[in-house]
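Structural characterization, general
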There are 2 protein chains.
Amino acid sequence: MKALVVVCDGLADRPLKEWGLTPLEKAETPNMDELAAEGICGMMDPIAPGIAPGSDTAHLSLLGYDPFEVYSGRGPFEAAGAGLPLRKGDVAFRVNFATVDENLFLRDRRAGRLRDGGELEKLLRGIKVKGAEILFRSTSSHRAVLVLRGEGLSYEVSSNDPHRTGVKVEGIRPLGAGGGKTARVLNEFIERAHEVLERAPFNLRRKRQGLPPANYLLVRGGGTVPSLEPLEKKFSLRGACVAAAALVRGVCRLAGMRVGEVPTSTTGVDTDLRAEGEEVRKMLEESDLVLYSLKGFDEVSHDGQAARKVEFIERFDEHLPLLRGLADFLVLTADHTTPVEVREHTADPVPVVVVGPGVRRDEVKSFGERSCAKGGLGRIRGRELLPILADLMGKSRKFGA
Amino acid sequence: MKALVVVCDGLADRPLKEWGLTPLEKAETPNMDELAAEGICGMMDPIAPGIAPGSDTAHLSLLGYDPFEVYSGRGPFEAAGAGLPLRKGDVAFRVNFATVDENLFLRDRRAGRLRDGGELEKLLRGIKVKGAEILFRSTSSHRAVLVLRGEGLSYEVSSNDPHRTGVKVEGIRPLGAGGGKTARVLNEFIERAHEVLERAPFNLRRKRQGLPPANYLLVRGGGTVPSLEPLEKKFSLRGACVAAAALVRGVCRLAGMRVGEVPTSTTGVDTDLRAEGEEVRKMLEESDLVLYSLKGFDEVSHDGQAARKVEFIERFDEHLPLLRGLADFLVLTADHTTPVEVREHTADPVPVVVVGPGVRRDEVKSFGERSCAKGGLGRIRGRELLPILADLMGKSRKFGA
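Residues numbered from 1 in each chain as written. Chains lettered and ligands numbered in written order. Predicted model: local features only at pLDDT ≥ 70, side-chain atom pairs only at ≥ 80, totals over all residues. Heavy atoms only, no water.

In this model, the largest pocket occupies a volume close to 920 Å³. Forming the boundary of the largest pocket are 31 residues, of which Arg74, Glu78, Arg94, Arg143 and Lys295 of chain A lie nearest the centre. Within the residue set of the lining of the largest pocket, elements represented by two or more residues are helix H3 (55-62), helix H5 (75-81), strand S3 (91-100), strand S5 (133-138), helix H10 (246-254) and helix H12 (296-302) of chain A. Top contributing element to the lining of the largest pocket by residue count: H12 of chain A, with three residues. The residue inventory of the lining of the largest pocket, partitioned by class, reads five nonpolar, eleven polar and 15 charged. Each of domain 1 (3-71 + 228-392) and domain 2 (79-224) of chain A contributes no fewer than three residues to the lining of the largest pocket. By volume, the second largest pocket is sized at about 740 Å³. As for the second largest pocket, its lining consists of 25 residues, and the residues nearest its centre are Arg74, Glu78, Arg143, Thr267 and Lys295 of chain B. (1 Å grid on protein atoms, 1.4 Å probe; cavity = no way out; pocket = protein on both sides within 12 Å on 5 of 7 lines; lining within 4 Å. Points joined across faces, edges and corners; volume = space filled by probe spheres on them. Helix = DSSP H or I, 4+ residues; strand = E, 2+ residues; numbered from the N terminus. Nonpolar A, V, L, I, M, F, W, Y, C, P; charged D, E, K, R; others polar. Domains from an automatic or database assignment.)

Set out below in structure tokens:
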């Protein structure tokens with residue numbers, strides 16, 4: 001038995017003032033509705049009622065982990081998403097290449113939205129700081145990740161990002177016990193990096209072109225790399241994921257899942273649904289469970305674009321039949337609610353439907369935030385989804401006799 | 001106020017391919033449906049969503065205990081069901097009388113399904129092993145229970161049962177810290193028991209008759225006897241149970257409940273419903289709460305017999321009016337789902353109805369796995385049932401002012 005879990009990032013919404021309907025309710029979705037009619041529906045609190053999840057914590061929860069236990073910050077998941085080989089206990093941070101002037105006053109938090117920091121990465125990888133091994137990787141545009149490895153490190157340090165330009169960048173300070181060494185290591189690395197970046201041919205070229213040099217590192221989002229019990233051990237399911245978002249790929253990688261590659265995949269509504277579907281099909285050949293996560297819904301929601309959200313929902317609905325039949329079980333849900341009128345994640349539960357052999361099909365006929373509330377699953381939590389699915393797939397182990 | 005909680009072991013199911021209905025939905029159950037119409041209905045995860053329960057862990061949960069806390073193995077509940085006087089910290093095991101040859105190769109895991117080991121029990125009770133007090137009791141046919149009492153014992157030991165014939169029986173090995181002494185005591189007891197059993201007149205007779213001698217003990221299912229807060233203290237309810245299954249009787253006994261006796265009761269569909277009903281009536285005279293657990297549904301489900309499941313459901317439904325009026329409150333539910341198409345326990349929630357004064361009667365009109373999902377109770381957990389019931393009975397103690 002195989003299963004495909006489709007997670008539509010930020011799909012769920014609240015009724016819009018103008019429509020009295022959510023974008024999902026407004027959209028024409030005959031294929032999603034067919035799923036609802038064939039399956040068992042319900043509402044799911046991605047983490048718990050009243051908790052507004054991030055995409056990282058929500059996906060952790062959907063994979064059966066307790067984010068309150070394993071999540072201390074975004075850094076480790078970004079770093080894993082970037083493909084860095086992490087070890088339990090490493091402390092990882094998100095980094096921006098930024099621009100400062102000669103007095104360390106912040107001029108641009110994103111160094112003019114730098115296209116690619118790969119040339120700089122090579123220079124920075126040469127820097128050694130006493131007390132910790134340092135891994136550095138440039139990811140996309142002005143973004144990078146930084147990992148510290150060694151004894152006595154902690155994620156409990158402040159950020160050096162003042163979050164506005166025209167003021168001096170801050171030093172990194174310890175925020176909790178054990179943060180002292182980490183702050184010292186980071187401050188030294190950042191200072192040395194600044195020296196290296198100032199002299200980098202890449203930045204000299206940028207200056208000549210009138211572009212802001214990427215001459216400083218802003219560090220934030222620190223977290224300790226958790227030890228996640230691999231999905232395969234937890235549920236006896238070989239897992240894989242197809243996801244454009246690096247953060248989601250990082251969560252899946254730390255859960256021991258294979259991660260598919262779709263070069264034409266994007267985190268927007270322009271993503272290549274056909275290529276993603278093809279990758280899903282391929283990953284299912286050697287996996288029991290594939291998580292397919294799409295980000296476009298969330299992106300237009302953060303931008304407050306209701307009509308574009310409806311449009312992408314309808315485009316995805318048209319694409320849905322290609323995903324049917326790829327696995328015995330199909331789950332369709334969201335990782336959280338992102339109301340277009342709020343433009344941020346909220347805690348509202350999300351609709352969920354499970355289709356496959358043996359499910360207690362209910363009377364829900366359409367897939368939506370309110371229709372699914374009448375479904376047979378009732379109100380479940382994100383962490384309960386995989387145990388329920390694994391049981392339907394015949395993979396649960398009886399507790400007791 | 002008194003309450004009768006009827007637990008139909010393995011009653012709940014999934015829709016069958018052929019019918020599109022569960023056996024409970026397929027069966028004509030006017031009396032169960034009347035209960036549903038008069039009461040408040042809901043779905044109940046016996047332990048938690050996605051957890052496939054055993055009957056022991058499920059009944060523990062239904063009695064308000066957390067099986068993750070109090071359950072380490074089946075042995076203690078079997079031993080309590082056999083009437084052994086247990087103490088907290090005793091380590092109890094399930095035992096099979098088996099047949100080995102002169103080289104300790106296993107010939108029959110059940111010694112020819114021995115009818116009764118009572119005569120052997122007497123011989124084995126004479127064996128003393130240094131380091132632990134040993135209680136041994138033959139239960140039914142080839143089955144027995146073994147209890148170790150003393151300092152430094154642990155249930156964390158391997159079984160000596162190779163689970164197939166033609167291979168040598170295994171020695172018992174420690175699996176965790178503290179298992180060393182227990183393994184030593186068990187191995188010595190098993191060796192001494194083998195010597196005693198080889199010479200037992202009972203076995204010499206069997207050999208003469210060409211029957212496999214019951215000359216070896218296979219030990220498994222070890223667990224530490226938990227200290228359960230008695231039901232009476234937990235809920236101010238004097239409790240009793242009527243149950244054919246020894247395992248369920250053991251759970252109830254360890255919960256401090258009285259256990260009724262019905263000689264004509266069986267764990268099959270041929271059980272004596274009338275005599276059981278009579279015993280329930282009697283037990284209710286001196287109890288506030290009687291748990292009545294029937295096993296026939298589960299037995300036919302494990303055998304994959306859908307038609308016989310429907311038949312037994314209908315027979316039980318006809319019998320139900322005799323149970324009405326015996327107590328102020330009547331609860332009807334199952335301990336877990338056993339789909340006839342799976343033949344094993346699964347994690348699907350079970351329907352539950354509570355009838356009695358003051359309940360918020362809902363609009364559900366039939367008792368089934370999908371109809372009850374629309375009920376007023378929503379989706380609850382097994383451990384919450386008795387607190388809800390005790391509160392309806394006026395027995396809850398206000399928390400706060």
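The next point concerns the packing of helix H11 (residues 273-285) of chain A against helix H13 (residues 306-319) of chain A. Residue and element names in this part refer to chain A. At their nearest, the axes of H11 and H13 sit 11 Å apart, and the two run at 45 degrees to each other. Viewed along their axes, H11 and H13 adopt a mutual orientation that is oblique. When you trace H11 past H13, the crossing you get is right-handed. Residue-level contacts link Leu273, Arg274 and Gly277 of H11 to Phe312, Arg315, Phe316 and His319 of H13. In terms of residue class, the contact of H11 with H13 is made up of three nonpolar, two polar and two charged. (Axes fitted to C-alpha atoms, helices over the stretch in contact; angles between N-to-C directions. Parallel < 35°, antiparallel > 145°, perpendicular 65-115°, else oblique. Left-handed = near helix turned anticlockwise from the far one by under 90°. Contact = heavy atoms within 4.5 Å.)

A word on the relation of the copies chain B and chain A. Each copy of the sequence occupies a distinct position, and chain B is placed on chain A by a rotation of 123 degrees and an axial shift of 0.2 Å, giving an RMSD of 0.2 Å. Both chain copies can therefore be described as sitting about a three-fold axis. (Least-squares fit on C-alpha atoms with pLDDT ≥ 70 in both.)

A word on the packing of aromatic side chains. Enumeration according to the criterion identifies twelve aromatic pairs over all chains in this entry. With a centroid separation of 5.9 Å and an interplanar angle of 70 degrees, the aromatic rings of Phe97 of chain A and Phe136 of chain A are classed as edge-to-face. Within this pair, whereas Phe97 of chain A is found in strand S3, its partner Phe136 of chain A is found in strand S5, the two being separated by 39 residues in sequence. Assessed through its relative accessible area of 0%, Phe97 of chain A is described here as buried. Connected via pairs of aromatic rings, a cluster forms that spans Phe399 of chain A together with Phe68, Tyr71 and Phe77 of chain B. (Phe/Tyr/Trp six-rings, centres within 6.5 Å; stacked < 30°, edge-to-face > 60°. Buried < 20%, exposed > 50% of the residue type's maximum accessible area, 1.4 Å probe, protein only.)

Here the focus is the domain arrangement of chain A. Residue and element names in this part refer to chain A. Per the domain assignment, the segments of chain A are domain 1 (3-71 + 228-392) and domain 2 (79-224). Taken together, the five residues of domain 1 in the interface contact four residues of domain 2. For the pair domain 1 and domain 2, the interface holds two residue pairs in polar contact (both at pLDDT 80 or more). By residue class, the composition of the side of domain 1 that touches domain 2 is two nonpolar, one polar and two charged. (Polar contact = N/O pair within 3.5 Å; in protein donor to acceptor, adjacent residues only side chain to side chain.)

The next subject is the sheet that holds strand S8 (residues 239-243) of chain A. Residues and elements named next belong to chain A. The mixed open sheet is built from eight strands, whose spatial order is S9-S8-S10-S1-S11-S12-S2-S13. Looking at which strands have only one partner, the edges of the open sheet turn out to be strand S9 (258-259) and strand S13 (378-381). Taken together, the four bridges between strand S11 (residues 329-334) and strand S12 (residues 350-355) define a ladder with antiparallel strand orientation. When the sheet's bridge partners are listed, Leu332 is paired in S12 with Val353. Taken strand by strand, H10 contacts S8, S9 and strand S10 (289-294), and its axis lies near 175 degrees from that of S8. (Pairing = 2+ DSSP bridges.)

A word on the side chain of Arg149 of chain A. Residues and elements named next belong to chain A. Examined against the element boundaries, Arg149 turns out to sit in strand S6 (residues 143-149). Arg149 sits in the buried class, given a relative accessible area of 11%. Side chain to side chain, Arg149 and Asp90 meet in a polar contact 2.7 Å long. Sequence-distant contacts of Arg149, defined by excluding residues within four places in its chain, comprise Pro85, Leu86, Arg87, Asp90, Ala132, Glu133 and Leu135.

In this section: the sheet that holds strand S1 (residues 3-8) of chain B. Where strands meet in a sheet, backbone hydrogen bonds hold them as pairs that are either parallel or antiparallel. All names here are of chain B. Spatially, S9-S8-S10-S1-S11-S12-S2-S13 is the arrangement adopted by the eight strands of the open sheet, whose pairing is mixed. In this open sheet, the two strands that pair with only one neighbour each are strand S9 (258-259) and strand S13 (378-381). Summarising the sheet, strand S8 (residues 239-243) and S9 pair through two bridges and their orientation is parallel. Looking at S9, one finds that Cys241 is bridged to Val259. Seen against the sheet, helix H2 (residues 30-38) touches strand S2 (40-45), strand S11 (329-333) and strand S12 (350-355) and runs at an angle of roughly 65 degrees to S12. Packed onto the sheet, helix H13 (residues 306-319) meets S1, strand S10 (289-294) and S11 and runs at close to 150 degrees relative to S10.

This next bit is on the pairing of S12 of chain B. All names here are of chain B. Burial of S12 is extensive: six of the six residues sit out of reach of the surface. Of the two faces of S12, the one holding Val350, Val352 and Val354 and the one holding Pro351, Val353 and Val355 are both buried throughout. In this sheet, S12 lies alongside S2 in antiparallel orientation, the contact comprising five bridges. In the sheet register, Gly42 faces S12, and the bridge partner there is Val352.

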